[in-house]
Amino acid sequence: MMRSTGHTDRIVIIGGGISGLSSAFYLMRQAQEQGRPIKVTIVEAADSLGGKINTLRRDGFVIEKGPDSFLARKLPIIELTRELGLENELAATNPAAKKTYILNRGKLHPMPPGLVLGIPTEIMPFAKSNLLSVKGKLRALLDFVLPKRLGTDDESIGGFLERRVGTEVMERVAEPLLAGIYAGELRKLSLRATFPQFREAELKHGSLIRGMRANRKAGTAAQSRMPAVAKNSVFLTYRNGLSTLVDALDKTLADVDRRMGTKVKAIYRVEEAVERISGVIAQPQAEAQAGKKPGGIADMQPEATPRYMIELDSGEQLAAEAIIMTAPAFSAAELISPHMDASELEAIRYVSVANVVLAFDKATFGLEFDGSGFVVPRTEGRHITACTWTSAKWLHSSPGDKVLLRCYVGRSGDEESVSLPDEQLKALVCKDIEEIMGITAEPLFVEITRLHRSMPQYPVGHVENMARLRQRAAEKLPCVWITGAAFDGVGLPDCVRQGKEAAKQTLHNLTYCE
């Protein structure tokens, strides 16, 4: 039945990363448009908002310790940028640094023009490239005549690419490009959850290459909906770093309650919560003064008894009619497993990665860049998985007389280097860039950021798994919406989209209640 008008719904968002902040932003906006009162509380384990987004501004440098940009073609983050009044803060990549390289047998080779997500859409540049053997190129061209696979079952990205364009293209070209997004292994990652456009291209055009060529043309036509700064740039960021977005959301959400530096210990359904009320109320006064905060259920009138009580590790209890959970899958599984089967979340592995940022004096650097960086196939046996020539790719990121590099370490099956001591990790990275690029200059400084268990790995069948999980949650934990990077995309635009969807779904669910 419909919830009575005038009731203030209390919504708790678990996680203050970009998914949680987007959820809060759109909850407040949509509730205001609908004229309905809500109270939103964000619970974040860290002492600051933003999750993995972390911009360091130092000595004239703009250094990203987490993600460094987002795809310009994905509109949810563009729309949020506009709604926050940040469109003039957007920054595009340097048009003079469009080249990207792939390491192959110890040497850097430019990616052939027309390469889209590792798939060749222009045949002549692909045929002339030294990245592949003649046999590998001929195998890739068989895609034009191979029949499309029947059926609707999911498969791995690696299996799909080997089937369509062969092992060489998959391992030497597509793997370092695509796996880098997830720090994963293509033979284990779900095609449907990561690059469903590949399968759609095969089904619609009978050929992956033909389909990606058509998608490329369609993408060019769609640029009319993008801001001017995005029309000639694949990636975007903000002039003062990605924390610009977090800061703007933080300011806009000034009226939203926060519980920072504390974790959710447990979630109780209303029946369980009511049973706990007497214990909460009966706490000795001395214990309450020592830091325990009954709050939540204990202070509610009977007619306002909430659906859930959320217990924090600080001892505080929060009452809620609805919960949006944006925590990592392993944390979310711990919280919901007492109430329902969470095996789908438990099946999502996480990979640890590290970013090693090196700053140099240009006068001693001894190298000019003509591109934005390079990626490294796992078959090369290097410690780094990619290197962005940051000061060349993003002109705002470095003073004119300095050079900034950002190297990536760690991927599925190769995470040991991430946990090495700083000096040892720095030495390994410097050895790689010396052997690959000939850089022998001593860095002015080095910034190392370790992101342990930060990259969710979508297994084959992931989309179906998440659909089953949400259906079960709707029955066992009504008005609890689980979302975030573990579900439907790890990029910032995907997280923003999921936050907006979570807000809409939560308000809809709250409209009808028992």
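Residues numbered from 1 in each chain as written. Predicted model: local features only at pLDDT ≥ 70, side-chain atom pairs only at ≥ 80, totals over all residues. Heavy atoms only, no water.

Novice: Would you mind going over the nonpolar core with me for this structure?
Specialist: Soluble globular proteins: nonpolar side chains tend toward being buried together. Judged by nonpolar contacts, the single largest core of 44 residues is most densely connected at L27, F70 and L245. F70 has contacts with I77, I78, L90, V234, F235, L236, T237, Y238, L242, L492 and P493, leaving out every residue within four places of it along the chain. Core analysis: the second largest hydrophobic core is formed by 34 residues, A140, V173, Y182 and L191 among them. (Core = buried A, V, L, I, M, F, W, Y, C linked by side-chain atoms within 4.5 Å. Buried < 20%, exposed > 50% of the residue type's maximum accessible area, 1.4 Å probe, protein only. Contact = heavy atoms within 4.5 Å.)

Novice: Looking at this structure, how should I read helix α10 (residues 243-252)?
Specialist: Along an α-helix, residues three or four apart share an orientation, since each turn contains 3.6 residues. The complete set of buried residues in α10 reads S243, T244, L245, V246, A248 and L249. Against α1 (18-34), β3 (55-58), α2 (75-83) and β11 (235-238) lie the buried residues of α10. (Helix = DSSP H or I, 4+ residues; strand = E, 2+ residues; numbered from the N terminus.)

Novice: In this structure, what is going on with the state of the cysteines? I would like to understand it.
Specialist: Working definition: the covalent bond between the sulfur atoms of two cysteines is a disulfide. Considering all chains together, one arrives at zero disulfides under this definition. Here C407 is not cross-linked by a disulfide; its sulfur's nearest cysteine counterpart is in C387, at 3.7 Å. The exposure class of C407 is buried, given its relative accessible area of 0%. (Disulfide = S-S within 2.5 Å.)

Novice: I would appreciate a short explanation of the packing of α1 against helix α20 (residues 492-511) in the present structure.
Specialist: Relative placement of two packed helices is described by the angle separating their axes and the distance separating the axes. Interaxial distance between α1 and α20 falls to 7 Å at its minimum, and their mutual angle equals 40°. By the angle between their axes, α1 is oblique relative to α20. The two elements α1 and α20 meet at a crossing, and its hand is right-handed. Residues I18, S19, S22, S23, Y26, L27, Q30, A31 and Q34 of α1 pack against L492, C495, V496, G499, K500, A502, A503, K504, T506 and L507 of α20. (Axes fitted to C-alpha atoms, helices over the stretch in contact; angles between N-to-C directions. Parallel < 35°, antiparallel > 145°, perpendicular 65-115°, else oblique. Left-handed = near helix turned anticlockwise from the far one by under 90°.)

Novice: In this structure, what is going on with the sheet that holds strand β17 (residues 349-361)? I would like to understand it.
Specialist: Strand pairing in a sheet is mediated by backbone hydrogen bonds. Such pairs are either parallel or antiparallel. Ordered in space as β8-β7-β18-β19-β20-β17-β21, the seven strands form an open sheet in which the pairing is mixed. What marks the edges here is a single partner per strand, and that holds for β8 (107-110) and β21 (445-457). Neighbour-to-neighbour, the strand axes of the sheet open up by a mean angle of 20°, direction not taken into account. Sheet topology note: the β17/strand β20 (residues 402-409) ladder contains eight bridges and is antiparallel. Residue pairing across strands places A354 opposite V409, the latter belonging to β20. (Pairing = 2+ DSSP bridges.)

Novice: I tried to follow the pattern of salt bridges on my own but got confused; where do I start?
Specialist: Opposite charge on two side chains permits them to pair, given that their charged atoms come into close proximity. In the structure shown here, the tally under the stated rule is 38 salt bridges. Of the charged contacts, one joins R468 and E344 as a salt bridge, the two residues approaching to 3.9 Å between their closest N and O atoms. Of this pair, R468 sits in helix α18 (residues 462-476) while E344 is found in helix α14 (residues 343-346), placing the two residues 124 residues apart along the sequence. Because the salt bridges share partners, they merge into one network encompassing D143, R149, E155, R163, R164, R199 and E202. (Salt bridge = Lys/Arg side-chain N within 4 Å of Asp/Glu carboxyl O.)

Novice: Help me out: how do you make sense of the packing of aromatic side chains in this one?
Specialist: When we look at a pair of aromatic rings, we describe it by the centre distance and by the angle of the planes. Following the criterion strictly, the structure yields 13 aromatic pairs and no others. When the ring of Y101 is compared with that of W389, the centres are 5.8 Å apart and the planes differ by 45°; the resulting orientation is tilted. Taken together, the residues Y101 in strand β7 (residues 99-104) and W389 in the loop between β19 (384-388) and α16 (390-393) connect sequence positions 288 residues apart. Since its relative accessible area comes to 4%, W389 is described here as buried. Taken together, the ring pairs in this structure connect Y101, F360, F365, F369, F374 and W389 into an aromatic cluster. Note that R58 overlies the ring of F445, its terminal NZ or CZ placed 3.7 Å from the centroid. Above the face of the F330 ring, R453 is positioned so that its terminal group lies 3.7 Å from the ring centre. (Phe/Tyr/Trp six-rings, centres within 6.5 Å; stacked < 30°, edge-to-face > 60°. Lys NZ or Arg CZ within 6 Å of the ring centre and 35° of its normal.)

Novice: What should I look at first to understand the environment of R172 in this one?
Specialist: By the secondary structure assignment, R172 is in helix α6 (residues 167-182). C-alpha separation for the pair R172 and L103, spaced 69 residues apart in sequence, amounts to 8.6 Å. Side-chain polar atoms of R172 contact the backbone oxygen of L131, separated by 3.1 Å. (Polar contact = N/O pair within 3.5 Å; in protein donor to acceptor, adjacent residues only side chain to side chain.)

Novice: What should I look at first to understand the confidence of the model for the protein in this one?
Specialist: Detailed reading of the predicted coordinates is not advisable wherever pLDDT is low. With 91% of its residues at a pLDDT of at least 70, the protein reaches an overall mean of 91. Across residues 280-289, confidence stays below pLDDT 50; counting only partners more than four residues off in sequence or on other chains, it has seven contacts. (pLDDT = per-residue confidence, 0-100.)

Novice: Sorry, what's going on with the side chain of N465 here?
Specialist: Structurally, N465 can be placed in helix α18. Reaching out from N465, the side chain makes a polar contact with the side chain of R468 at a distance of 2.4 Å. Once residues lying within four places of it in the same chain are set aside, the contact partners of N465 are E344 and P459.

Novice: What is the right way to look at the sheet that holds strand β15 (residues 317-320) in this model?
Specialist: Reading across the sheet, the three strands line up as β13-β14-β15 and stay open at both edges, with antiparallel pairing between neighbours. Edge strands, defined here as strands with exactly one partner in the open sheet, are β13 (264-269) and β15. Going from strand to strand, the sheet's axes swing by 20° on average, the running direction of each strand aside.

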